[in-house]
Amino acid sequence: MILQFALFQIITLIIRPIYTLASVEGSVIAQPGCDSTCGEVDIPYPFGMKDPKCYGGKWFEIECRNSTSQGEKPYLKSLNLEVTSIDEERSTILIKNPIYHSNCKGKSAKPVVINLRGSPFVYSQVYNKFVAVGCNNLAFLRSNGSTVGGCVSICDDNEEVNYDSFVQGSGGCHGRYCCETSLPLSLSEYNATVEDLRNEGVSHQCSYALIARGDWLQSYYIYESESSNQIFGELKNMDYVPAMLEWEILNEMLNNSILKLPSDGNCYDSNVTSSQNTTSGGLRCNCFFGFAGNPYIAGGCTAIPGFFTTNSQAKKRAIIGVLSSIGSIILLLLLWQLRKFVRKRMIKKRKEKFFKKNGGLLLQQRLTSGEVNIDKTILFSLKELEKATDNFNMNRVLGKGGQGTVYKGMLVDGRIVAVKKFKVEGKVEEFINEFVILSQINHRNVVKLLGCCLETEIPLLVYEFIHNGNLFEYLHDENEDLPMTWDMRLRIATEIAGALFYLHSLTSQPIYHRDIKSTNILLDEKYRAKVADFGASRIVSIEATHLTTVVQGTFGYLDPEYFQTSQFTEKSDVYSFGVVLVELLTGKKPISSTISKETRSLASYFVQCMEENSLFDIVDKRVTDEGEKEHIVAIANLANRCLEMNGRKRPTMKEVTLELEEIRRLDNKSNAQKIHEEIVLVGIEDYQPWSGYSASNSLPTLSS
C-alpha cells in the first residue's frame with residue numbers, strides 16, 4: 001500500500017505541470033449562481049457559501065467574514081477555522097492552526113482545541129510536521145488519550161533559545177533548540193504537552209509546540225534572512241501557523257443524497273478518514289487525463305486546449321515525457337524488487353550454509369528421532385542476540401572456557417540471559433550434544449536452556465542467567481559479603497547430588513555429565529546450586545554400563561579408573577562429586593602447592609588424612625566451628641567412599657543423595673534442639689521462685 005501510494009504521488013507530480021502549463025481559462029469551479037471567491041481565496045465546489053445548493057453539506061460550508069483591517073476572510077463554519085487556500089485537485093485545504101504556548105507570559109497554555117472527528121477532514125501526514133521549540137524539553141503529541149508522537153530539544157546548561165543559531169544553516173529542527181517529528185495517519189484531534197527533560201516535570205521556560213505545514217517551516221530553515229529569525233523569534237507573539245488538512249467526500253454524504261458527483265470526474269476510494277469514522281471511508285475525484293478543472297462539479301473538467309490536436313507538439317512532448325517518466329519509475333521499482341529478491345536469496349543461502357556447518361542437519365536427525373523436546377526451546381535470530389549482548393561486547397563477557405565464551409545479555413522482553421558462543425571450528429558435536437541434552441532436562445538444580453541460534457558462523461546457545469557466579473569463587477576467593485556457612489555447604493552438596501541422581505536415574509535415558517567441578521556449579525539469586533556446562537555430557541542406553549571415549553576432563557576431578565581404562569561410568573561422576581564434597585569440607589582447591597609435597601591432589605591428600613585419622617587437620621575452620629563433629633565425620637566418610645579407586649566400591653548418586661538428605665535432616669534437628677536449649681537456659685536465668693517472698697513483704701505498708 002505504501003509503495004502504491006508513493007507511485008501515485010510521483011505520477012501526480014509528473015502530470016500536474018502539464019495541467020498547470022496548459023490550464024483552461026475561465027474554467028468553472030463553483031455551482032451556477034454561487035460566489036466562487038472570498039477576499040483573495042478561491043472557493044471551489046464542494047466548498048461554497050450562503051445557499052445550501054452552493055456547497056456539498058454542512059462540513060463544506062464557508063462563511064465569508066469581513067475584517068476591517070484585512071478585508072474578507074473565509075472560515076470553515078462548522079469548525080470555525082480560517083482558510084487561506086483550497087486545492088480541489090490534491091483534496092487539501094490550508095488553515096490557520098493554533099500554537100501551543102507553555103509558560104509564556106501573556107499567552108494561554110492551552111489553545112482552542114480543534115476536533116475533526118466525524119468530519120471529512122484530517123491533519124495531513126504528508127504535508128505537516130509536529131515541531132517543538134525550547135530548551136531541554138520533552139514535547140509530546142497526544143490524541144484520544146494516547147501519546148502518538150514526540151521529540152526532544154536540548155540546549156547547553158542555563159541557555160535560552162538562540163533563534164539565530166537554530167535557524168541559520170540548520171536545514172531543519174534536529175534537536176538543538178527545536179525538534180520535529182512526523183504525524184500519525186488520520187490525525188483528527190490532538191493536544192501537546194511540554195515537560196522539562198532533566199526534572200521530568202512541567203518546563204519553566206517559554207516553549208512552543210505546533211503542527212505546521214512542512215514547506216512553510218522549511219522556508220525558514222533554509223533562508224538565513226533577517227525575516228527568518230524574526231518569524232521564529234516572534235513565535236511568542238504568534239497565535240497561528242499554516243497547517244494542511246486533507247479531505248474526502250464521505251460515503252454517508254453520497255448515501256444521504258447530500259452531494260451528487262458528476263459523471264465526467266474520475267472518482268476512487270480514498271479512506272483518508274476511515275480510522276476516525278464509523279463509516280467505510282469516502283471518495284476523492286480528479287479529472288481524466290488531458291482534462292483540467294474541478295472534478296466535483298458538472299462540466300468542471302474541460303479539455304486542455306491543443307492536448308488532443310493531432311499535430312500538437314505539446315501533446316507529443318507531454319505524452320513522451322509522462323510515459324518515459326512512468327517507464328523509469330517502473331524500471332526503478334523492478335530493479336529495487338530484483339535487488340531485494342537477490343539480497344533475500346543471499347541471506348537465505350548464507351543461513352543455510354551456517355545451518356549445515358553448525359550441525360543443523362545433525363540436529364534435525366535428533367529432532368526426528370525424538371531426542372529433542374523442541375517445545376521447550378526457541379530458535380533466536382542473530383539480530384535478537386546481537387541487540388541483547390550489545391554486539392557481543394567484551395564488557396559483557398561472563399567467562400571463557402575450552403568450548404567457548406559466555407556473554408551476559410538482555411532480551412527485548414526484559415529477561416536476563418547468558419549467551420554461549422562456541423569455539424567449534426567446524427566440529428559441532430559439543431554444541432549439538434549440549435543442546436540435545438539440555439532440551440530434555442527439567443530440574444530446579446540444572447541450568448535451563450532457553451534456545452539456540454544456528455544462522456551464524458559460530459553457533460550460539462541461550463541459557464537462563466545465573467546471578468551469583470560459581471561455587472569455586474565462593475569457596476576459594478575471599479568473599480566478605482557471603483561467607484560459606486556449614487549449613488549452606490551441606491545444602492549445596494545435597495542439591496548437586498540430587499541433580500546428578502536425576503541425570504543418572506530419572507531421565508528417559510541416563511546422562512553422564514563428565515565434567516563435574518566447582519566452577520560448573522552456579523549459584524542463583526537464592527544461592528541454590530545449578531549444575532551447568534553439558535558440552536562433554538553423554539546420553540547412554542539403559543543397558544549400557546560405561547562409555548569408551550578419549551579421556552577428557554579437568555585434572556584434580558578426573559576419575560583415576562577412567563584415566564587408566566578410558567571407560568567412563570556413572571561412578572566416574574560420583575568420583576568428581578566426591579572431590580567437590582571435599583572442597584566444601586576443606587575449603588581447599590583440588591590442585592594446590594600447599595597441600596602436600598608428595599602430591600598436589602586434594603583427593604589423594606584427603607584420603608591420606610582419613611587413613612591417618614587426622615581428618616580435622618584438613619577440615620575448614622568454619623566447618624569445625626559451626627558443624628556437629630559426628631555430622632562432619634559422616635560427610636567425610638561419604639566423600640571417602642566416593643573417592644574409592646575401585647569404581648564398584650563407590651556408592652551410586654541415589655545412595656549419596658539419600659545419605660546427604662539424612663545428615664542434613666539430623667543437622668537441622670540438632671540445630672533446632674540447640675536453639676530450644678538456649679531459650680530454656682535464658683528462661684531459667686530470668687526465673688525467680690515465689691518461695692523467696694512472703695505476703696507481709698511483697699507490698700509496701702502505709703507507714704513506710
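Residues numbered from 1 in each chain as written. Predicted model: local features only at pLDDT ≥ 70, side-chain atom pairs only at ≥ 80, totals over all residues. Heavy atoms only, no water.

J.: Explain the overall build of the chain to me, and be specific about the residues and the numbers.
T.: Of the regular secondary structure elements, the chain holds 17 helices and 33 strands. Counting every position in the chain, which comprises 704 residues, the buried fraction comes to 45%. In the structure as shown, the chain presents an accessible area of about 37,700 Å², 52% of it carried by carbon and sulfur atoms. (Helix = DSSP H or I, 4+ residues; strand = E, 2+ residues; numbered from the N terminus. Buried < 20%, exposed > 50% of the residue type's maximum accessible area, 1.4 Å probe, protein only. Areas by Shrake-Rupley, 256 points an atom, 1.4 Å probe, with all protein chains shown as cover.)

J.: Could you give an account of the nonpolar core, naming the residues involved and the relevant values?
T.: Ranked by size, the top nonpolar core spans 69 residues in total, and within it Ile441, Leu471, Ile496, Phe577, Phe606 and Leu660 carry the most contacts. With residues up to four places along the chain from it excluded, the contact list for Leu660 reads Leu490, Ala493, Thr494, Ala497, Phe577, Ile635 and Leu638. Formed by 47 residues, the second largest nonpolar core is a distinct cluster that contains Phe47, Val83, Phe130 and Cys151. (Core = buried A, V, L, I, M, F, W, Y, C linked by side-chain atoms within 4.5 Å. Contact = heavy atoms within 4.5 Å.)

J.: Describe the confidence of the model for the chain, with residues and values.
T.: Model confidence for the chain is summarised by a mean pLDDT of 79, while 74% of its residues fall at 70 or above. Under a pLDDT of 50 for its full length, residues 164-170 has, in the predicted model, 19 contacts with residues more than four places off or in other chains. Between residues 687-704, whose pLDDT stays under 50, and residues either more than four places distant or in other chains, the model counts one contact. (pLDDT = per-residue confidence, 0-100.)

J.: For the pattern of salt bridges, give the residues involved together with the corresponding values.
T.: Summed over all chains, the structure comprises 21 salt bridges. Asp620 is the partner of Arg489 in a salt bridge, and the nearest nitrogen-oxygen pair spans 3.9 Å. Taken together, the positions of Arg489 in helix α11 (residues 486-506) and Asp620 in the loop between α14 (602-611) and α15 (621-626) put the pair 131 residues apart, joining distant regions of the chain. Judged by relative accessible area, which is 19%, Asp620 ranks as buried. The salt bridge involving Arg528 is made with Glu525; its shortest N-O contact spans 3.9 Å. Given a relative accessible area of 34%, Arg528 falls into the partly exposed group. We classify Glu525 as partly exposed; its relative accessible area is 46%. A single salt-bridge network, built from bridges that share partners, covers Asp524, Glu525 and Arg528. (Salt bridge = Lys/Arg side-chain N within 4 Å of Asp/Glu carboxyl O.)

J.: Describe in detail the sheet that holds strand β14 (residues 191-196), supporting the description with residues and values.
T.: Spatial strand order, β12-β11-β14: three strands in an open sheet with antiparallel pairing. The open sheet has two edge strands, β12 (146-153) and β14, and neither has a second partner. Across the sheet, the mean angle separating the axes of adjacent strands is 20° when strand polarity is ignored. Of the pairings in the sheet, the one linking strand β11 (residues 137-143) to β14 comprises six bridges and is antiparallel in character. Opposite Phe140, over in β14, you have Thr193 as the bridge partner. (Pairing = 2+ DSSP bridges. Axes fitted to C-alpha atoms, helices over the stretch in contact; angles between N-to-C directions.)

J.: Report on the state of the cysteines, specifying residues and quantitative values.
T.: Counted according to the given criterion, the structure contains six disulfides. Here Cys452 is not disulfide-linked; the sulfur of Cys453 is the nearest cysteine sulfur, at 7.4 Å. (Disulfide = S-S within 2.5 Å.)

J.: Provide a residue-level description of the environment of Asn640, including the pertinent values.
T.: Within the fold, Asn640 resides in helix α16 (residues 629-642). Linking Asn640 and Arg650, residues ten residues apart in sequence, is a C-alpha distance of 9.0 Å. Here Asn640 is in contact with Phe606, Val607 and Met610, once residues within four sequence places are set aside.

J.: An account of the sheet that holds strand β8 (residues 100-102) is needed here, citing residue identities and associated values.
T.: Spatially, β8-β15-β10-β13 is the arrangement adopted by the four strands of the open sheet, whose pairing is antiparallel. Two strands close off the open sheet at either side, each with one partner strand: β8 and β13 (178-181). Within the sheet, the average angular offset between the axes of one strand and its neighbour, ignoring direction, is 20°. Pairing between β8 and strand β15 (residues 207-213): three bridges, direction antiparallel. Within β15, the residue paired with His101 across the bridge is Tyr208.

J.: Any details on empty space enclosed by the protein? Residues and values, ideally.
T.: Across all of its chains, the model carries two cavities of 30 Å³ or more by this definition. Space inside the largest cavity adds up to approximately 70 Å³. Forming the boundary of the largest cavity are 13 residues, of which Arg514, Asp515, Tyr557, Leu558 and Ser576 lie nearest the centre. Considered as a void within the structure, the second largest cavity measures approximately 50 Å³ in volume. Surrounding the second largest cavity, Trp486, Arg489, Leu490, Ala493, Leu581, Leu584, Leu585 and Ile635 form its lining. Mapped onto the lining of the second largest cavity, the elements with two or more residues apiece are α11 and α13 (570-586). Looking at which element gives the most residues to the lining of the second largest cavity, the answer is α11, with four residues. Grouping the constituent residues of the lining of the second largest cavity by class yields seven nonpolar, no polar and one charged. (1 Å grid on protein atoms, 1.4 Å probe; cavity = no way out; pocket = protein on both sides within 12 Å on 5 of 7 lines; lining within 4 Å. Points joined across faces, edges and corners; volume = space filled by probe spheres on them. Nonpolar A, V, L, I, M, F, W, Y, C, P; charged D, E, K, R; others polar.)

J.: How would you summarise the pairing of strand β4 (residues 61-67) if you had to cite specific residues and measurements?
T.: Two elements, strand β3 (residues 48-49) and β4, share two bridges in a ladder whose sense is parallel. Along β4, the bridge assignment pairs Gly48 with Glu61. Relative to strand β5 (residues 71-76), β4 runs antiparallel, the two being bridged by six bridges. Of the residues in β5, the one forming a bridge with Arg65 is Lys73.

J.: So what's going on with the packing of aromatic side chains? Which residues, and what values?
T.: Within the structure shown, the criterion is met by eleven aromatic pairs. Centroid distance Phe47 to Trp247: 5.2 Å. Interplanar angle 85°. Geometry classified as edge-to-face. Of this pair, Phe47 sits in the loop between β2 (41-42) and β3 while Trp247 sits in strand β16 (residues 240-247), and the two are 200 residues apart along the sequence. By relative accessible area, Phe47 is classed as buried at 1%. Accessibility expressed as a relative area gives 0% for Trp247, which makes it buried. (Phe/Tyr/Trp six-rings, centres within 6.5 Å; stacked < 30°, edge-to-face > 60°.)

J.: Tell me what's going on with a nonpolar patch on the surface, and back it up with residues and numbers.
T.: Side chains of Leu331, Leu332, Leu335, Leu338, Phe341, Val342 and Met346 sit close together on the surface and give an oily, nonpolar patch of about 720 Å² of accessible area. Within the secondary structure, Met346 is located in helix α6 (residues 313-357). For Met346, a relative accessible area of 55% translates into the label exposed. (Patch = residues over 30% accessible without salt bridge, like charges linked within 9 Å, V, L, I, M, F, W, Y side chains within 5 Å.)

J.: Explain the packing of α14 against α16 residue by residue, including any values.
T.: Packing of α14 against α16 brings their axes to within 10 Å, and their N-to-C directions diverge by 125°. By the angle between their directions, the pair α14 and α16 is classed as oblique. In the packing of α14 onto α16, the handedness of the crossing is left-handed. Contacts between α14 and α16 pair Phe606, Val607 and Met610 from the former with Ala636, Asn637, Ala639 and Asn640 from the latter. (Parallel < 35°, antiparallel > 145°, perpendicular 65-115°, else oblique. Left-handed = near helix turned anticlockwise from the far one by under 90°.)

J.: Hey, could you go over α16 for me, with residue numbers and the actual values?
T.: With 14 residues, α16 extends 20 Å from end C-alpha to end C-alpha; this agrees with the ideal 20 Å at 1.5 Å per step. For α16, the set of buried residues is His631, Ile632, Ile635, Ala636, Leu638, Ala639 and Cys642. Along the axis of α16, the buried positions cluster into a sector of 160°, meaning they face one direction only. (Expected span 1.5 Å × (residues − 1). Arc of directions from axis to C-beta.)

J.: Describe in detail unusual backbone geometry, supporting the description with residues and values.
T.: Of all residues except glycine, most have a negative phi; of all peptide bonds, most are trans. Omega for the bond connecting Tyr45 with Pro46 falls within 30 degrees of zero, at 15°, which places this linkage in the cis form. Within the secondary structure layout, Pro46 lies in the loop between β2 and β3. A positive phi is found at Tyr527, a non-glycine position, where the angle reads about 60°. Among the structural elements, Tyr527 can be located in the loop between β29 (521-523) and β30 (529-531).

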